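Architecture and fold: a report
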Amino acid sequence: MKKIVFCVILVLVLVLLSACGSEASSPAPAPSAEVEATPVPPAPSASSVLPGSDIQASPAGSASPESPVPDEAAADAARACIGEDVAVLFEAIGEPKDSSYAPSCLKPGGEDGELYYDGFTVATIREGDKEIVWDVNVNAG
């Protein structure tokens, strides 16, 4: 009996994991005039590696070009836009430096977006012509 329960739970977990990110059941997205960029992961910093590594922390007050210091006022303004249309965000802090989109795990047929600003990233959910601000993540730097 324990084996059957374990197998049923395992099958359910695998079904849930395979459903997220599956492109087989979703229709192909319409061609877009905009080019979607793939984000490049930031270089490791002293705070993101294990103790004893040979990466040196940058001196206080100097920001590396890979990890810009977040503009706290802009990040706070972006947080105030959570749940709002992305147009409200653009009015508050301007257009992002870059963006990327991928098929959504949250909304079938939608897209998850990342808008890249100096020092923080804004996560969005796009469904049709509607794009909503979902979250704001300050980049570790």
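Here the structure is shown first, and the text comes after it.
Note that the structure is predicted; figures quoted are calculated from it, not measured. (Residues numbered from 1 in each chain as written. Predicted model: local features only at pLDDT ≥ 70, side-chain atom pairs only at ≥ 80, totals over all residues. Heavy atoms only, no water.)

What about the pattern of salt bridges?
In the structure shown here, the tally under the stated rule is three salt bridges. With a closest N to O distance of 2.7 Å, Asp-76 and Arg-79 form a salt bridge. With Asp-76 and Arg-79 both in helix α2 (residues 72–79), this residue pair falls three residues apart, about one helical turn. Judged by its relative accessible area of 44%, Asp-76 is partly exposed. Look at Arg-79 and you get partly exposed, because its relative accessible area is 33%. A salt bridge links Glu-111 to Arg-126, with the shortest nitrogen-to-oxygen separation between them at 2.6 Å. In this pair, Glu-111 sits in strand β2 (residues 111–117) while Arg-126 sits in strand β3 (residues 120–127), placing the two residues 15 residues apart along the sequence. Like Glu-111, the residue Arg-126 is buried in the burial classification. (Salt bridge = Lys/Arg side-chain N within 4 Å of Asp/Glu carboxyl O. Helix = DSSP H or I, 4+ residues; strand = E, 2+ residues; numbered from the N terminus. Buried < 20%, exposed > 50% of the residue type's maximum accessible area, 1.4 Å probe, protein only.)

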